[in-house]
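Here are the chains, one letter per residue:
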Amino acid sequence: MFTLAEVASLNDIQPTYRILKPWWDVFMDYLAVVMLMVAIFAGTMQLTKDQVVCLPVLQSTVNSKAQPSASGKADFTTVETTTGQGEEASMRTVSFGSTPTVTPDVPLSRATSSQYQPTESGQELKKEQKDSSGRKTNLDFQQYVFINQMCYHLALPWYSKYFPYLVLIHTIILIVSSNFWFKYPKTCSKIEHFVSILGKCFESPWTTKALSETACEDSEENKQRLTGAQSLSKYVSTSSDEGSPSASTPMITKSGFKFSADKPMIEVPSVTILDKKDGEQAKALFEKVRKFRAHVEDSDLIYKLYVGQTVIKTVKFIFILCYTANFVNTISFEHICNPKVEHLIGYTQFECTHNMAYMLKKLLISYISLICVYGFICLYTLFWLFRIPLKEYSFEKVREESSFSDIPDVKNDFAFLLHMVDQYDQLYSKRFGVFLSEVSENKLREISLNHEWTFEKLRQHVSRNAQDKQELHLFMLSGVPDAVFDLTDLDVLKLELIPEAKIPAKISQMTNLQELHLCHCPAKVEQTAFSFLRDHLRCLHVKFTDVAEIPAWVYLLKNLRELYLIGNLNSENNKMIGLESLRELRHLKILHVKSNLTKIPPNITDVAPHLTKLVIHNDGTKLVVLNSLKKMTNVAELELQNCELERIPHAIFSLSNLQELDLKSNSIRTIEEIISFQHLKRLTCLKLWHNKIVNIPSSITHIKNLESLYLSNNKLESLPAAVFSLQKLRCLDVSYNSIALIPVEIGLLQNLQHFHITGNKVDVLPKQLFKCVKLRTLSLGQNCITSIPDKVSQLLQLTHLELKGNCLDRLPATLGQCQLLRKSGLVVEDHLFDALPSEVKEVLNQDTSIPFANGI
């Protein structure tokens with residue numbers, strides 16, 4: 001037998017689930033407990049007191065029948081019956097023969113002994129009749145017990161015997177059906193997670209702070225409306241809520257919450273700052289809510305399961321009611337029993353009484369009443385489930401009552417859970433909505449960020465870059481701290497991986513700011529901030545993954561001088577760049593694009609009249625279409641690096657003002673077109689390094705104004721004499737080729753200052769090399785040189801000499817006569833330097849910072 005505590009445990013749901021149990025579920029739980037008590041009470045009564053008492057039904061007339069004996073002789077039995085009101089009834093049996101006969105009037109024991117005492121004295125019989133009262137049945141106790149048990153099973157309706165067990169089973173099924181959605185594995189985890197998050201959101205200090213700020217804003221607005229103050233304008237923000245410029249200036253926008261244009265923003269004194277622990281917990285809650293929403297909104301399993309279990313309970317109620325109502329009249333106190341055991345008892349019919357009949361009938365009526373109430377509640381639940389769309393939940397009321405107008409509506413299981421919570425207490429949903437708002441999250445980040453990044457801490461992160469400018473680099477923050485804009489002497493500001501960066505009007509305090517870096521940081525600016533940047537910003541670096549990350553206001557910075565775009569700009573997305581807006585950049589001088597272009601966008605010619613430098617780093621994507629270059633006649637510096645070019649593009653020959661050309665890291669094999677460079681009268685620097693060039697054509701002599709020639713990392717095996725006819729050449733770099741001989745014509749380059757031939761196969765240095773007396777840098781490392789001529793002393797302006805990686809046995813002592821050469825500029829093995837005379841080493845170790853500077 002179940003104890004009450006054991007059965008009640010079936011309905012034991014964690015207290016935290018109470019918020020998901022509306023009033024009808026709670027009421028049905030209580031009804032189920034009452035039905036359990038009815039079942040347990042009925043079962044206890046049945047096990048302890050339930051019994052049936054039966055008496056035989058006596059025949060008024062019994063006919064004598066002759067039955068043959070086993071020996072074939074006839075036995076005659078005379079039965080005398082006496083009936084009468086208030087008189088004793090007795091039967092006498094007279095037997096003839098040796099076989100005893102069982103008669104209804106005589107107990108079995110007496111019938112057995114009659115064969116030994118065939119007759120009784122009349123006096124004893126009369127004495128028995130006087131002692132007995134009522135009708136005598138002559139059945140002993142065991143026969144009564146036997147017939148009572150027989151008739152309990154045969155005469156009683158089955159429902160009277162199994163009523164407590166049926167009630168118990170039905171109630172357990174109803175309890176399981178009511179709470180199955182709390183136990184089913186696929187819904188249990190979601191419900192536990194939801195309840196856990198909901199409780200934390202309800203108790204979070206940030207919820208109280210956010211709602212209290214809303215209350216403050218509402219009270220301030222009401223006060224302003226009542227007083228009609230004319231000073232309202234000084235409290236109204238001139239920028240939009242997201243820190244973006246006004247609609248008159250095209251800005252990048254993001255979908256989400258936006259304040260109404262006719263609703264002024266009121267500055268409210270901030271509430272006490274959250275401590276760090278509460279702030280971190282609130283930020284973790286925002287992330288949990290975001291992930292939980294994405295996980296739960298994908299399915300409606302919880303909703304379907306709850307509807308399913310409600311339908312099962314309704315069908316169960318109808319089934320119980322239909323078959324139980326038919327058994328109410330079958331439970332009665334009296335029953336007629338025909339056990340068909342006449343051969344054992346001697347009677348064919350018994351009249352029995354059931355002592356628990358009245359109690360069971362009352363319990364059955366009570367149970368039916370409880371089931372009817374339970375069923376009506378199930379029907380109401382179904383009505384509620386289908387009356388409104390429970391797979392959609394709107395926070396419209398919360399949005400109206402608070403300043404968080406961006407709280408999104410939710411759907412599927414997330415919506416259903418919130419509907420269930422509303423039946424418990426709507427305050428839970430209101431507080432939960434705070435953590436669905438991006439405005440609320442941004443406000444929390446802003447508070448936490450400003451609390452962590454103070455002015456003093458930011459000042460410690462300011463450093464000086466290579467250009468000796470004060471620079472601040474902020475990396476992976478939730479936003480831009482307000483204290484940044486108090487660093488008025490800052491020159492360079494780098495913002496990297498800050499997705500919610502906002503530039504407020506306070507940036508106008510940073511009068512020295514001229515360079516801004518936005519690395520994966522689609523910053524938004526207020527109108528006043530944009531006006532300041534438009535007038536003062538000179539250099540802008542934008543690094544992005546997608547074109548949409550480039551803020552639209554970038555193309556409106558009319559005083560911008562340098563623009564660096566680094567990111568994915570393939571041919572399919574060229575039209576999305578917004579380069580057509582570059583026409584507003586009237587003062588742009590340098591455009592640097594590092595991407596994967598297959599053609600130069602035609603719209604880049606919008607800045608052609610004033611663009612002086614164009615750099616395209618293509619990351620290995622083949623640049624095919626270059627016709628747009630022809631229109632950029634004012635470009636002085638052009639870099640086409642890593643563009644998989646196989647020849648020098650013909651469009652370049654139209655750039656009459658070109659002074660420097662860099663075709664680094666391409667696949668150029670031949671440069672026969674170099675003769676066309678003779679039309680580029682201003683070309684002074686040609687960089688063809690890191691290609692696959694095999695030889696240099698003699699037509700290079702036509703580039704008479706060439707001052708710098710870079711041919712390193714190619715496949716050159718010799719240097720033609722034509723190279724040394726370039727009298728203006730000051731820098732020649734042929735490092736890392738396969739050159740074995742330095743021509744003696746090198747002595748003709750009297751203006752040569754830098755000569756690099758590192759990483760070749762040179763074994764002898766011609767004496768004519770040392771006639772280039774203006775040499776400052778001489779790189780001869782990683783060759784096969786065995787000796788350095790003493791004439792190296794003629795290079796009086798030499799400041800850098802690389803000899804490491806050769807086959808030298810010694811260094812000439814005349815190195816000491818190179819007045820500007822010092823040990824820091826001498827790249828050689830240590831043992832060779834140590835072998836120099838002490839006076840030479842002493843000269844090389846001297847501090848000559850001033851002469852060195854003058855030489856440079």
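None of the values given here were measured: they were computed from a predicted structure. (Residues numbered from 1 in each chain as written. Predicted model: local features only at pLDDT ≥ 70, side-chain atom pairs only at ≥ 80, totals over all residues. Heavy atoms only, no water.)

1. Some thoughts on the overall build of the chain
Short version of the rule: A run of H or I in DSSP counts as a helix once it spans at least four residues, and a run of E counts as a strand once it spans at least two, with each numbered from the N terminus. Burial classification: accessible surface area is computed with a 1.4 Å probe over protein chains only, and a residue below 20% of its type maximum counts as buried, one above 50% as exposed, and the rest as partly exposed. Note on definitions: a residue-residue contact is assigned when non-hydrogen atoms from the two residues lie within 4.5 Å. Per-residue and other accessible areas follow the Shrake-Rupley method at a 1.4 Å probe size, with only the shown protein chains counted as cover for residues.
Tallying secondary structure elements over the chain gives 21 helices and 28 strands in all. A burial count over the chain gives 47% of its 856 residues as buried. When contacts within the chain are restricted to residue pairs at least 6 apart in sequence, long-range pairs at least 24 apart make up 56% of them. Counting every atom, the chain has about 43200 Å² of accessible surface; 53% of that belongs to carbon and sulfur.

2. Remarks on the state of the cysteines
Which entries qualify depends on this criterion: When two cysteine sulfur atoms are found within 2.5 Å, that pair is recorded as a disulfide.
Applying the stated criterion to the full structure yields two disulfides. Paired through a disulfide, C54 and C352 show a sulfur-sulfur distance of 1.9 Å. Here the disulfide of C54 and C352 is right-handed, its torsion about the S-S bond being about 110 degrees. With C54 in strand β1 (residues 52–56) and C352 in strand β7 (residues 350–354), the pair connects residues that are 298 residues apart, well separated along the chain. Owing to a relative accessible area of 1%, C54 belongs among the buried residues under this scheme. A relative accessible area of 0% means that C352 is categorised as buried. Sulfur-sulfur distance for the disulfide between C151 and C337 comes to 2.2 Å. Here the S-S torsion is close to -90 degrees, and the disulfide linking C151 with C337 is therefore left-handed. Placement of the pair is C151 in helix α5 (residues 141–154) and C337 in strand β6 (residues 334–337), with a sequence separation of 186 residues. A residue is classified by how much of its surface remains accessible, and C151, at 0% relative accessible area, is buried.

3. Let's talk about the UniProt feature "transmembrane region" (unreviewed entry) in the chain
Note the following rule: UniProt positions are given in the numbering used here, feature names are shortened, and annotations may be inferred rather than shown by experiment.
The UniProt entry lists residues 27–47, 162–182 and 364–386 under the feature "transmembrane region" (unreviewed entry), expressed in the numbering used here. In the segment residues 27–47, helix accounts for 100% and strand for 0%; the C-alpha atoms at its two ends are 30 Å apart.

4. Some words on the packing of helix α7 (residues 185–203) against helix α14 (residues 412–424)
Inclusion rule: Angles run from 0 to 180 degrees between N-to-C directions of axes, and those axes are lines fitted to C-alpha atoms, restricted for helices to the stretch in contact. By the definition adopted for this analysis, an angle is roughly parallel if under 35 degrees, roughly antiparallel if over 145, roughly perpendicular if from 65 to 115, and oblique otherwise. Helix crossings are classified by the rotation of the near helix relative to the far one: an anticlockwise turn of less than a right angle makes the crossing left-handed, while a clockwise turn makes it right-handed.
α14 packs onto α7 with a crossing angle of 55 degrees between their chain directions and a minimal axis gap of 12 Å. Relative to α14, the element α7 is oriented oblique. Of the two elements, α7 crosses α14, and the hand of that crossing is right-handed. Residues K190, F194 and L198 of α7 pack against D413, F414, L417, L418 and V421 of α14.

5. Things to note about the packing of α7 against helix α9 (residues 276–296)
To keep things clear, this is the line we draw: Ten residue types, Ala, Val, Leu, Ile, Met, Phe, Trp, Tyr, Cys and Pro, are classed as nonpolar, four, Asp, Glu, Lys and Arg, as charged, and the remainder, Gly among them, as polar.
Interhelical geometry of α7 versus α9 gives an angle of 150 degrees and a closest axis separation of 11 Å. Considered as vectors, α7 and α9 are oriented roughly antiparallel to each other. Regarding α7 and α9, the two cross each other, and that crossing is left-handed. On the side of α7, the interface is formed by K190, H193, F194, I197, K200 and C201, while α9 contributes L285, K288, V289, F292, H295 and V296. Here the residues of the contact of α7 with α9 sort into seven nonpolar, two polar and three charged.

6. Digging into the sheet that holds β7
Heads up, the rule is: In short, DSSP must find at least two bridges between two strands for them to pair.
Taken in spatial order, the three strands line up as β1-β7-β6 in an open sheet, and their pairing is antiparallel. Two strands close off the open sheet at either side, each with one partner strand: β1 and β6. Mean inter-strand twist for the sheet, computed between neighbouring axes without regard to direction, equals 25 degrees. Sheet topology note: the β6/β7 ladder contains four bridges and is antiparallel. The partner of E334 across the bridge, within β7, is T353.

7. Section: the packing of aromatic side chains
Let me state the cut-off plainly: Note on aromatic pairs: the rings of Phe, Tyr and Trp (six-membered ring only in Trp) are paired at centre separations within 6.5 Å, and the planes decide the class, stacked below 30 degrees, edge-to-face beyond 60, tilted for the rest.
Under the definition given, this model contains 26 aromatic pairs. Relative to F416, the ring of Y306 lies with its centre 5.5 Å away and its plane at 55 degrees, an arrangement referred to as tilted. Of this pair, Y306 sits in helix α10 (residues 301–325) while F416 sits in helix α14, placing them 110 residues apart in sequence. The residues Y306 and F416 share a single accessibility class, namely buried. Taken together, the ring pairs connect W23, W24, Y380, F383 and W384 into an aromatic cluster.

8. Regarding a nonpolar patch on the surface
Defined as follows: The patches described consist of residues with a relative accessible area above 30% and no salt bridge, like charges being joined within 9 Å and nonpolar side chains (Val, Leu, Ile, Met, Phe, Trp, Tyr) within 5 Å. Definition used for salt bridges: Asp or Glu carboxyl oxygen within 4 Å of a side-chain nitrogen of Lys or Arg.
Together, W23, V26, F27, Y30, V373, Y380 and F383 line one region of the surface with nonpolar side chains, adding up to about 690 Å² of accessible area. Where the nonpolar patch is concerned, the elements lending two or more residues are α2 (23–49) and α12 (357–387). Tallying contributions element by element places α2 first for the nonpolar patch, with four residues. Within the fold, V373 resides in helix α12. By relative accessible area, which is 34% here, V373 ends up partly exposed.

9. Notes on the nonpolar core
Going by this rule: Joining through side-chain atoms within 4.5 Å is the link that ties buried Ala, Val, Leu, Ile, Met, Phe, Trp, Tyr and Cys residues into a set, and such a set is a nonpolar core. Boundary definitions for the domains trace back to an automatic or database domain assignment.
Counting 132 residues, the largest nonpolar core has F677 and F755 as its most contacted members. Counting residues per element, this core draws most heavily on helix α18 (residues 527–536), which supplies four residues. When residues are assigned to domains, this core turns out to be shared by domain 2 (461–515) and domain 3 (716–848), each giving three or more. In terms of nonpolar packing, the next biggest core, distinct from the first, is built from 84 residues, I197, F327, L418 and L444 among them.

10. Side note on the pairing of β7
Of the two faces of β7, the one holding F350, C352 and H354 is buried and the one holding E351 and T353 is not buried anywhere. Bridge count between β1 and β7: five bridges; the pairing is antiparallel. What sits directly across from V53, in β7, is T353.

11. Considering the pairing of strand β17 (residues 562–566)
Along any regular strand the residues' side chains alternate between the sheet's two faces. Pairing of strand β16 (residues 539–543) with β17, which is carried by five bridges, proceeds in the parallel orientation. Looking at β17, one finds that V542 is bridged to L565.

12. As for the confidence of the model for the chain
Low-pLDDT stretches of the model should not have their predicted coordinates read in fine detail. We count it as follows: Each residue carries a pLDDT value, the predictor's own confidence for that position, ranging from 0 to 100.
Averaged over every residue, the pLDDT of the chain is 78; residues scoring 70 or more account for 79%. Predicted confidence for residues 61–122 stays below pLDDT 50, and this span has 58 contacts to residues more than four positions away or in other chains. Confidence over residues 124–130 falls short of pLDDT 50; this stretch has five contacts with residues more than four positions distant or in other chains.

13. With respect to the side chain of K316
The test is simple: For the charge count, each Lys or Arg is scored as positive and each Asp or Glu as negative, with His and the chain ends excluded.
Tracing the backbone through its elements, the reader meets K316 in helix α10. Buried and unpaired, K316 has no salt bridge, with D29 as the nearest side chain of opposite charge at 16 Å. Those residues within four positions of K316 in sequence are excluded, and the remaining contacts are H170, I173 and L174.

14. Digging into the pattern of salt bridges
Overall, the coordinates contain 19 salt bridges when judged by the stated rule. The shortest N-O distance in the salt bridge between D300 and K304 comes to 3.6 Å. Classification of K304 as exposed rests on a relative accessible area of 51%. Among the salt bridges present, the one from R647 reaches E673, with a minimum N-O distance of 2.4 Å. A residue pair is termed long-range when its members are at least 10 positions apart, and R647 in the loop between β20 (637–641) and β21 (660–662) and E673 in the loop between β21 and β22 (685–687) qualify at 26 residues. A residue is classified by how much of its surface remains accessible, and E673, at 8% relative accessible area, is buried. Connected through shared salt-bridge partners, E287, R290 and K291 make up one network.

15. Things to note about unusual backbone geometry
The backbone of D468 shows a phi angle near 60 degrees, a positive value even though the residue is not glycine. Note on placement: D468 falls in the loop between β10 (463–464) and β11 (470–475). For D468, a relative accessible area of 53% gives the class exposed. The phi dihedral of S665 is positive, around 55 degrees, even though this residue is not glycine. Looking at the element boundaries, S665 is found in the loop between β21 and β22.

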